[in-house]
Amino acid sequence: MTNQQPWNKEEIVLALSNLPAGKRALSVIPTLHGDILRKALDEFFNSNNKEVKLFNVYTETPLHIAASLGSVTCVKLLLSYGADVRVQLGSMRSTPLHLAAEEGSAECTKLLLEAGAICEVKNSRGQTPMHLAVLSQSVETLDTLISNGAKINVEDNDGRTPLHTAVAKATRGIELVKILIQAGALINKADKFGYTPLHIAAINESSSTVMLLLSKGADVTARTKGGISALSFIVRRTPDILPQFISRLDQAISLHDHELGDVDCELRLDFRRLVSTGGRETDLMLCLVEVGQKHILKHPLCESFLYLKWLRIRKFFLLNIIFHFIFVVFFTAYIAVTYLYNIQNFDRARRVLFWLVSIFTVVLAGKECFQMAHGIYGYIKRWENWLQWNVVLLSSIVLITPVHDWQYHVAALSILQVWIELMIILGRFPMFGLYIQMFTQVSINFFKFFATYICLIIGFSLAFSVLHKNYDSFNDPLVALLKTIIMMSGELEFEDIFFDQETPILYSGTAHLMLLSFVILVTVILTNLMMGLAVSDIQELRRCAGLDRLVRRAELIAHLETMLFSKLLDHAPNKIMKMCRKGALLLHPPHHCAIHIRPNDPRENRLPPELISTIHRLVIEKKTKRPTHNIEVDNSRLSRLYSINSNGNNQQQLNDLITEIKRCSYNIGAHLDNLTNKVESIVRDYNNSV
């Protein structure tokens, strides 16, 4: 803005009548004030018969210039002369209201709205004046637009609402966010890339904004188009939120009725903190596992939710087990009749089993295709699914008639894999999951271990082939390798090799030394190392058994829930699907979202006793918790304050005073600990007596 003397009439007429000349008009309007401006405009319009809506080749009117500069006086006068508030400027297609909001001028915005400016008009980027008001961080302008009925959830070309823009601002963003939420902004609205306001707040590392959005119901399980959850960003960019997140879970467990020591004491478990809006009930559990925060599943609220949810949905898993068990029985019977005993009198039974196995194989293939339709990338990552398809393929080959000799090889492989598949499915049941996980983990580590030392084993097998080429087991190099692997288990056959009269040893001495080296390096060292590795794996699995059990349960429940609520089943009989889906849900908002348990009532059996005790202890700890951390923080702040504002003698006195305050706070803390222990002891004795 230039600082110069007001122009005379001739200069005003020349400038305003030559607006197509460009930028010179920018220095005209701001330099005119009060009566001089009014008089100049009066003389200009009366003498030249011009209209205020006059614009240049870029559709830039004087009102655009005044609004972009936030000149209230100019806007008011131009409006009084009938300036058009609807004209859009240039390639950006900005109206005067856009420019006033971008400038953050609440008064200009109000004047333009009173003159008939439209709040929802968009520029070339799809932004409304409200988007630009948030960008300018003008609370007053935002309030003005909201009070005049501007739409809160209007989207720009990227699908972003003003709330998306507000959370990206670090200075006054939190205040703008509060205003928009209070006005009805959608917390979980995603843009066209899938980013919600919570995603953006976490990316910008604004912990206060993240916490505000969470308190208003933001969904941490919301995912971008790339599949990244908001919780993932929170863990990586704002990890200080996690303790507060756990604190929110603590707050969901509260004392509902009576005192903690009463028999009729009721504790309320509110599960709404665990369930996302519009998603599946187990989405949060899967997100916690995915982002490396699976330890939160051991929180009493999460563990209770998973336990109750499993009780609701396990019937569908039992149906899956029954299906696979029947398939294994029929398939085994067919293999026995056709390949094992080959009984000719059982032709009719063979035909019946043939069709039964064929039907089950087709159903099994259809079930796998159904699962694949819900995400092929996640499907192919699970080796169990590859085993399922292998079973389908081998079963189809076994059913080929007439039977050929090569099918016996396939039959042997298929019968083994069918029973392994049944073992894996049974292992998903929480009761057996730990043992199957032990087997799987030890097997994986064994093959890694074996691959590491395979060169040593191959070397010994070739050495034995050279030294014992007259021995049948070492004639063929491949058979020699198999024989060497078997020798690792202790099957050395020392006497058969070294004292056989028919096949005397050819290279005495070297053969004895080679066998001794094999016994020391492989049979003793390598085998014991492998056994020690397996034992350590099992111990680690047992140590984490509780947490792993919860993870497996959460994954299984989520899988069953995904299949049950699939859109592909919407065409199934409506009554049956409605009944099944209702039976799988634990919560029925808005009323049935919590349970009430009586921890002191021995008849309470909705949750396991040890879980009820954990919940009870949590409520006691919440009630007796004291803010010791805050005392220490206040003392440190007080110490720093007086160290700046005091001289040496006063500083010593203040230090003594602070030490005395700390000692008193510690004494108070010790008394509170004693009282807590007494209360817990009384409650424990009372429970035992009841």
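These numbers come from a predicted model, not from an experiment.

(A) Structural detail: the sheet that holds strand β1 (residues 253–257). With respect to topology, three strands assemble into an open sheet ordered β1-β2-β3, the strand pairing being antiparallel. Edge positions in the sheet fall to β1 and β3 (594–597), since each of these pairs with one other strand and no more. Taking the axes of each pair of neighbouring strands and ignoring which way they run, one obtains an average angle of 30° across the sheet. Contacts from helix α16 (residues 300–340) reach β1, β2 (266–270) and β3 within the one sheet, and its direction differs from that of β2 by about 80°. Helix α28 (residues 609–624) rests against β1, β2 and β3 of the sheet, and its axis sits at about 90° to β1.

(B) Main features of the side chain of Gln 417. Inspection of the secondary structure puts Gln 417 in helix α20 (residues 406–427). Taking the relative accessible area as the measure of exposure, Gln 417 reaches 16% and is therefore buried. Filtering out sequence-adjacent residues up to four positions away, Gln 417 remains in contact with Leu 387, Asn 390, Val 391 and Leu 394.

(C) Broad picture of the packing of aromatic side chains. What the rule picks out here adds up to 21 aromatic pairs. Ring centres of Phe 327 and Phe 331 lie 5.9 Å apart, and the angle between their planes is 35°; this geometry places the pair in the tilted category. Of the two residues, Phe 327 and Phe 331 are both situated in helix α16; the distance of four residues between them amounts to about one turn of the helix. Judged on exposure class, the residue Phe 327 and its partner Phe 331 are both buried. Through successive ring pairs, a cluster of aromatic residues spans Phe 323, Phe 327, Phe 330, Phe 331 and Phe 360.

(D) Geometry of the confidence of the model for the protein. Averaged over every residue, the pLDDT of the protein is 80; residues scoring 70 or more account for 80%. Considering only residues more than four positions removed or in separate chains, one finds that residues 30–34, a stretch of pLDDT under 50, has 10 contacts. Across residues 47–58, where pLDDT falls below 50, the model places 25 contacts with residues more than four positions away in sequence or in other chains.

(E) Looking closely at the packing of α16 against α20. Across the interface, α16 lies against α20 with an axial gap of 10 Å and an inter-helix angle of 160°. Accordingly, the angle class assigned to the pair α16 and α20 is roughly antiparallel. Classified by chirality, the crossing of α20 by α16 is left-handed. Taking contact as the criterion, the partners of Phe 317, Asn 320, Ile 321, His 324, Phe 325, Phe 327, Val 328, Phe 331, Thr 332, Ile 335, Thr 338 and Tyr 339 in α16 are, on α20, Gln 407, Tyr 408, Ala 411, Ser 414, Ile 415, Val 418, Trp 419, Glu 421, Leu 422, Ile 425 and Leu 426. Partitioned by chemical class, the residues of the contact of α16 with α20 number 16 nonpolar, six polar and one charged.

(F) Highlighting the packing of α20 against helix α21 (residues 430–452). Relative orientation of the contacting elements α20 and α21 amounts to 130°, with a least axis distance of 8 Å. The angle between α20 and α21 places the two elements in the oblique class. Between α20 and α21, the contacting residues are Met 423, Ile 424, Leu 426 and Gly 427 on the first element and Phe 432, Gly 433, Ile 436 and Phe 439 on the second. Residue composition of the contact of α20 with α21, by class: six nonpolar, two polar and no charged.

(G) Local environment of the side chain of Thr 95. Positionally, Thr 95 belongs in the loop between α4 (72–80) and α5 (96–103). A distance of 2.9 Å separates polar atoms of two side chains, one belonging to Thr 95 and the other to His 98.

(H) Seen up close, a nonpolar patch on the surface. Together, Leu 456, Leu 513, Leu 516, Ile 520, Leu 521, Val 524 and Ile 525 make up a nonpolar patch on the protein surface, roughly 590 Å² of accessible area in all. As for its position among the elements, Ile 520 is in helix α25 (residues 510–543). By relative accessible area, Ile 520 is classed as partly exposed at 41%.

(I) Representation of the UniProt feature "repeat: ANK" (unreviewed entry) in the protein in the model. If you check UniProt for "repeat: ANK" (unreviewed entry), the listed places come out as residues 58–90, 92–124, 125–157, 158–192 and 193–225 in our numbering. A distance of 6 Å separates the end C-alpha atoms of residues 125–157, which is 48% helix and 0% strand. The span residues 193–225 is 48% helical and 0% strand by assignment, and the distance between its end C-alpha atoms comes to 6 Å.

(J) Quick look at unusual backbone geometry. Each neighbour pair has its own omega, and for Thr 401 with Pro 402 the value is -5°, a cis peptide bond. Its location among the elements puts Pro 402 in the loop between α19 (383–398) and α20. Look at Arg 93: it is not a glycine, yet its phi comes out positive at around 60°. Secondary-structure assignment places Arg 93 in the loop between α4 and α5. By relative accessible area, Arg 93 is classed as partly exposed at 38%. With phi around 60°, Gln 137 is a residue other than glycine that occupies positive phi space. As for its position among the elements, Gln 137 is in the loop between α7 (129–135) and α8 (139–147).

(K) Just α20, in detail. The terminal C-alpha atoms of α20 lie 32 Å apart, and with 22 residues this matches the ideal 32 Å at 1.5 Å per residue to within 8%. Considered for burial, the residues of α20 that qualify are Gln 407, Val 410, Ala 411, Ser 414, Gln 417, Val 418, Glu 421, Leu 422, Ile 424, Ile 425 and Gly 427. Residues of α20 that are buried sit in contact with α16, α17 (347–372), α19 and α21.

(L) Here's a closer look at the UniProt feature "transmembrane region" (unreviewed entry) in the protein. Taking the numbering used here, the UniProt-annotated feature "transmembrane region" (unreviewed entry) corresponds to residues 316–337, 349–366, 410–434, 446–467 and 513–535. End C-alpha atoms of residues 410–434 are separated by 31 Å, and the span's content is 92% helix alongside 0% strand. The span residues 446–467 shows a helical share of 95% and a strand share of 0%, and its end C-alpha atoms are spaced 29 Å apart.

(M) A look at the environment of Leu 456. Take Leu 456: it is sitting in helix α22 (residues 454–467). Residue class for Leu 456 comes out partly exposed when judged on its relative accessible area of 31%. In this structure the C-alpha to C-alpha distance between Leu 456 and Val 522, which are 66 residues apart in sequence, comes to 8.5 Å. In contact with Leu 456, not counting residues within four places along its chain, are Val 522 and Leu 526.

(N) Fine view of the pairing of β3. Here β3 shows a clear split, with Ile 595 and Ile 597 buried on one side and none of Ala 594 and His 596 buried on the other. By the bridge criterion, four bridges tie β2 to β3 in an arrangement that is antiparallel. When the sheet's bridge partners are listed, Arg 268 is paired in β3 with His 596.

(O) Empty space enclosed by the protein, seen in detail. The full count for this structure, using the stated rule, is two cavities of 30 Å³ or more. Here the second largest cavity is characterised by a volume of approximately 30 Å³. Mapped onto the lining of the second largest cavity, the elements with two or more residues apiece are α19 and α20. Partitioned by chemical class, the residues of the lining of the second largest cavity number three nonpolar, one polar and three charged.

Parameters and conventions
Along each chain, the written sequence defines residue order, and numbers are assigned to residues from 1. Since the coordinates come from a predicted model, pLDDT governs what is reported: local features require at least 70, and pairs of side-chain atoms require 80 or more to be given and counted, while whole-chain, interface and lining totals use all residues. Working from all heavy atoms in the structure, the side-chain values ignore hydrogens and water. Between any two strands, at least two bridges found by DSSP are needed for them to pair. Comment: elements are numbered from the N terminus, with helices defined as DSSP H or I runs of at least four residues and strands as E runs of at least two. Axis lines are fitted through C-alpha atoms, for helices just across the contact stretch, and the angle between N-to-C directions can take any value from 0 to 180 degrees. In this analysis, two residues are considered to be in contact whenever any of their non-hydrogen atoms come within 4.5 Å of each other. Buried means the residue's accessible area, taken with a 1.4 Å probe over protein chains only, is under 20% of the maximum for its type, while exposed means over 50%, and partly exposed covers the values in between. Each Phe, Tyr or Trp ring (for Trp, its six-membered ring) is paired with any other whose centre lies within 6.5 Å, and the angle between the two planes then decides the class: stacked below 30 degrees, edge-to-face above 60, tilted in between. As a per-residue quantity, pLDDT reports the predictor's confidence and falls between 0 and 100. The scheme is simple: roughly parallel for angles under 35 degrees, roughly antiparallel for over 145, roughly perpendicular for 65 to 115, oblique for anything else. Left-handed describes a crossing whose near helix is turned anticlockwise from the far helix by less than a right angle; the clockwise case is right-handed. Here the nonpolar group is Ala, Val, Leu, Ile, Met, Phe, Trp, Tyr, Cys and Pro; Asp, Glu, Lys and Arg are the charged ones; every other residue, Gly included, is treated as polar. Residues adjacent in sequence count toward polar contacts only when both atoms are side-chain atoms; beyond that, a polar contact is any pair of N or O atoms within 3.5 Å, and within protein one must be able to donate a hydrogen and the other to accept it. Patch building starts from residues that exceed 30% relative accessible area and form no salt bridge, then joins like charges within 9 Å and nonpolar side chains (Val, Leu, Ile, Met, Phe, Trp, Tyr) within 5 Å. Here the Shrake-Rupley method, with its probe set to 1.4 Å, supplies the accessible areas, and only the displayed protein chains count as covering residues. Salt bridge, as applied in this entry: a Lys or Arg side-chain nitrogen positioned within 4 Å of an Asp or Glu carboxyl oxygen. UniProt positions are given in the numbering used here, feature names are shortened, and annotations may be inferred rather than shown by experiment. Any helix carries an expected span of 1.5 Å times its number of residues minus one. Here the term cavity refers to a set of points on a 1 Å grid, laid over the protein atoms alone, in which a 1.4 Å probe fits but cannot get out; the term pocket refers to an open set having protein on both sides within 12 Å along at least five of seven lines, with lining residues being those that place an atom within 4 Å of a point. Grid points are joined across faces, edges and corners, and a volume is the space filled by probe spheres set on the points.

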